[in-house]
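# Structural overview for review
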Amino acid sequence: MKYPVNIRLTKLKTLEDAEYPQEERFPSSTTIKEGLMWAFSKPKVGKRFPVLQSKMSALFVTSLVKKITKIDSNTSILKTLNSEYKLEILKNKE
């Protein structure tokens, strides 16, 4: 895969046992962030996941990732301390 890639992160839900639920600030289903992902910023368990606007600047950062479930080559579900997100790798606009 050639980096950076365009991504979309959609908040699916706030977890019932969330340490810091922020449903009012980041509502489920309508919190959608589009940006970039580089090889160094791919989601990792135990780390926060950033949606980047440039190599050094984040638009949005999740809480610590607890679990990553791969749906297909372009889609994953990220479960964090507080929420569940769908991560999609988008087609690069040429």
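### Points about the pairing of strand β6 (residues 83-89)
In terms of residue burial, β6 counts as a mostly covered element, since six of its seven residues are buried. Taken together, the seven bridges between strand β1 (residues 5-14) and β6 define a ladder with antiparallel strand orientation. Considered in β6, the bridge of threonine 14 is made with serine 83. With five bridges joining them, strand β5 (residues 75-80) and β6 adopt antiparallel strand pairing. Among the inter-strand pairings, leucine 78 is bridged to a residue of β6, identified as tyrosine 85. Here β5 hands over to β6 after two residues, the two strands then running antiparallel side by side.

### A closer look at the environment of isoleucine 77
By secondary structure assignment, the location of isoleucine 77 is in strand β5. You can call isoleucine 77 buried: its relative accessible area is 19%. Sequence separation of isoleucine 77 and glutamate 88 is 11 residues, and the distance between their C-alpha atoms is 8.9 Å. Filtering out sequence-adjacent residues up to four positions away, isoleucine 77 remains in contact with Leu12, Lys67, Ile68, Thr69, Ile71, Glu84, Tyr85 and Lys86.

Quick notes on the rules
- Residues numbered from 1 in each chain as written.
- Predicted model: local features only at pLDDT ≥ 70, side-chain atom pairs only at ≥ 80, totals over all residues.
- Heavy atoms only, no water.
- Buried < 20%, exposed > 50% of the residue type's maximum accessible area, 1.4 Å probe, protein only.
- Helix = DSSP H or I, 4+ residues; strand = E, 2+ residues; numbered from the N terminus.
- Pairing = 2+ DSSP bridges.
- Contact = heavy atoms within 4.5 Å.

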